[in-house]
Amino acid sequence: MVKKLNEDVRVGKPAIKRSPHWDTVRKEHLKNNSVCAACGKTNGLQVHHIRPFHLFPELELDLGNLITLCEVFVNNDDSGDDNHHLRLGHGGDFHKNNTKVLDDVKRYRVDKAKLTVLEGYDMVALKKIL
Ligand SMILES: [Zn+2]
């Protein structure tokens, strides 16, 4: 089962105080990037730091270091299909950080597009059979 992001998961990280401007920057980023970069969902969005905030505090407010990823717990299993923040942003573990998040988001989108095409072909084939 996927651990929900909560206080427990964050324990152990160095306590670095957020900039007083973080909330403003976060909202500005979400205004311009209002869907999950991987799947296009518009709910449960998280603003993820590509280079982690606790290691690169100087990049906390850098718009180029931010990516919007969904964090929705719908399937309630460990597939991570409904949680791109966990799956792509953190490689399945909130204690880790995926340094290749941008590549993985691109790969996910390409794979999803291929799958959609394949499903389209399957539907055509299915209609011919029926
Ligand atoms: Zn997503």
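Up top is the structure.
A closer look at the overall build of the chain
- Assigned secondary structure in the chain consists of four helices and two strands.
- Listing the helices and strands of the chain from first to last along the sequence gives α-α-β-β-α-α.
- Out of the 130 residues belonging to the chain, those deemed buried represent 32%.
- Restricting to contacts in the chain with at least 6 residues of sequence separation, those with at least 24 account for 55%.
- In the form shown here, the chain has an accessible surface area of approximately 8,700 Å², with 55% of it arising from carbon and sulfur atoms.

What to know about the packing of aromatic side chains
- Following the criterion strictly, the structure yields zero aromatic pairs and no others.
- Across from the ring centre of Phe53, 4.1 Å away, lies the NZ or CZ of Arg18, which sits over that ring.
- Here the guanidinium or amino end of Arg51 rests over the ring plane of Phe56, the centre of that ring lying 5.2 Å away.

A closer look at the coordination of the zinc ion
- The zinc ion binds to the protein through Cys36 (SG), Cys39 (SG), Cys70 (SG) and His84 (ND1); the donor distances cover 2.0 to 2.3 Å.
- Using a relative accessible area of 19% as the deciding quantity, one classes Cys39 as buried.
- A relative accessible area of 0% means that His84 is categorised as buried.

Notes on the side chain of His29
- The residue His29 is located in helix 2 (residues 22-32) in this model.
- With sequence-adjacent residues up to four places away left out, His29 is seen in contact with Val47, Leu63, Leu66, Ile67 and Thr68.

Topic: the nonpolar core
- Ranked by internal contacts, the top residues of the largest apolar core, which has 18 residues, are Cys36, Ala38, Ile67, Leu69 and Val105.
- Where this core is concerned, the elements lending two or more residues are helix 2, strand 1 (45-49), strand 2 (66-70) and helix 4 (101-129).
- Considering every element that reaches this core, the biggest residue donor is strand 2, with four residues.
- Apart from the residues lying within four places of it in its own chain, the contact partners of Cys36 are Lys41, Leu45, Thr68, Leu69, Cys70 and His84.

Focus on helix 2
- Among all positions of helix 2, only Trp22, Val25, His29 and Leu30 are buried. Within helix 2, the buried residues cover an arc of 135 degrees as seen down the axis, which keeps them to one side. Along helix 2, the residues that are exposed and aim more than 90 degrees away from the buried face are Thr24, Lys27 and Lys31.
- Among the structural elements, strand 1 and strand 2 are those in contact with the buried residues of helix 2.

Concerning the pattern of salt bridges
- As enumerated under the stated definition, the model contains four salt bridges in all.
- Among the salt bridges present, the one from Glu60 reaches Arg18, with a minimum N-O distance of 3.6 Å. Of this pair, Glu60 sits in the loop between strand 1 and strand 2 while Arg18 sits in the loop between helix 1 (7-10) and helix 2, and the two are 42 residues apart along the sequence.
- The exposure class of Glu60 is buried, given its relative accessible area of 4%.
- Residue class for Arg18 comes out partly exposed when judged on its relative accessible area of 35%.

What counts, and at which threshold
Residues numbered from 1 in each chain as written. Predicted model: local features only at pLDDT ≥ 70, side-chain atom pairs only at ≥ 80, totals over all residues. Heavy atoms only, no water. Helix = DSSP H or I, 4+ residues; strand = E, 2+ residues; numbered from the N terminus. Buried < 20%, exposed > 50% of the residue type's maximum accessible area, 1.4 Å probe, protein only. Contact = heavy atoms within 4.5 Å. Areas by Shrake-Rupley, 256 points an atom, 1.4 Å probe, with all protein chains shown as cover. Phe/Tyr/Trp six-rings, centres within 6.5 Å; stacked < 30°, edge-to-face > 60°. Lys NZ or Arg CZ within 6 Å of the ring centre and 35° of its normal. Donors = N, O, S within 2.8 Å, 3.2 Å for Na, K, Ca; no water. Core = buried A, V, L, I, M, F, W, Y, C linked by side-chain atoms within 4.5 Å. Arc of directions from axis to C-beta. Salt bridge = Lys/Arg side-chain N within 4 Å of Asp/Glu carboxyl O.

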